Amino acid sequence: MKPFALSLIIFWIIIILAPAILAYLIWGFFIFVWINILAFFKNVKSNKEDYVKFGNYKIYR
């Protein structure tokens, strides 16, 4: 069995046995998403020029 498939099976067994862990994973995911959204808007507002930068790419408005 492939290691990735085995790790997914083990992960789901843990989730079935302890569902509270799933709540913490979802909570952490939403915090991560909100931090990224806030960082994106902070980057857009602080930028005086007419483009948004993603890595090495510039998207002009």
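The rules behind these values
- Residues numbered from 1 in each chain as written.
- Predicted model: local features only at pLDDT ≥ 70, side-chain atom pairs only at ≥ 80, totals over all residues.
- Heavy atoms only, no water.
- Helix = DSSP H or I, 4+ residues; strand = E, 2+ residues; numbered from the N terminus.
- Areas by Shrake-Rupley, 256 points an atom, 1.4 Å probe, with all protein chains shown as cover.
- Phe/Tyr/Trp six-rings, centres within 6.5 Å; stacked < 30°, edge-to-face > 60°.
- Buried < 20%, exposed > 50% of the residue type's maximum accessible area, 1.4 Å probe, protein only.
- Pairing = 2+ DSSP bridges.
- pLDDT = per-residue confidence, 0-100.

## Side note on the overall build of the protein chain
Stage number 1. Looking only at helices and strands, the protein chain features 2 helices and 2 strands.
Stage number 2. From first element to last, N terminus to C terminus, the protein chain shows the α and β order α-α-β-β.
Stage number 3. Summed over all atoms, the accessible surface of the protein chain reaches about 5900 Å², with 74% contributed by carbon and sulfur.

## Observations concerning the packing of aromatic side chains
Stage number 1. Overall, the coordinates contain 2 aromatic pairs when judged by the stated rule.
Stage number 2. Ring geometry for phenylalanine 11 versus tryptophan 12: centroids 5.4 Å apart, planes at 75°, classification edge-to-face.
Stage number 3. Judged by relative accessible area, phenylalanine 11 falls into the partly exposed class, the value being 33%.
Stage number 4. Take tryptophan 12: its relative accessible area is 47%, and that puts it in the partly exposed class.

## A short note on the pairing of strand 2 (residues 57-60)
Stage number 1. Bridge analysis of strand 1 (residues 51-54) against strand 2 gives 4 bridges, and the strand direction is antiparallel. Bridge pairing in strand 2 places valine 52 opposite isoleucine 59.
Stage number 2. What sits between the antiparallel neighbours strand 1 and strand 2 is a turn of 2 residues, in which glycine 55 has the positive phi angle 65°.

## What about the confidence of the model for the protein chain?
Stage number 1. On average, residues of the protein chain score 85 in pLDDT, and 87% of them reach the 70 mark or higher.
Stage number 2. At the level of individual helices and strands, the protein chain shows its lowest average pLDDT in strand 1, which scores 78, and its highest in helix 1 (residues 3-17), which scores 94.

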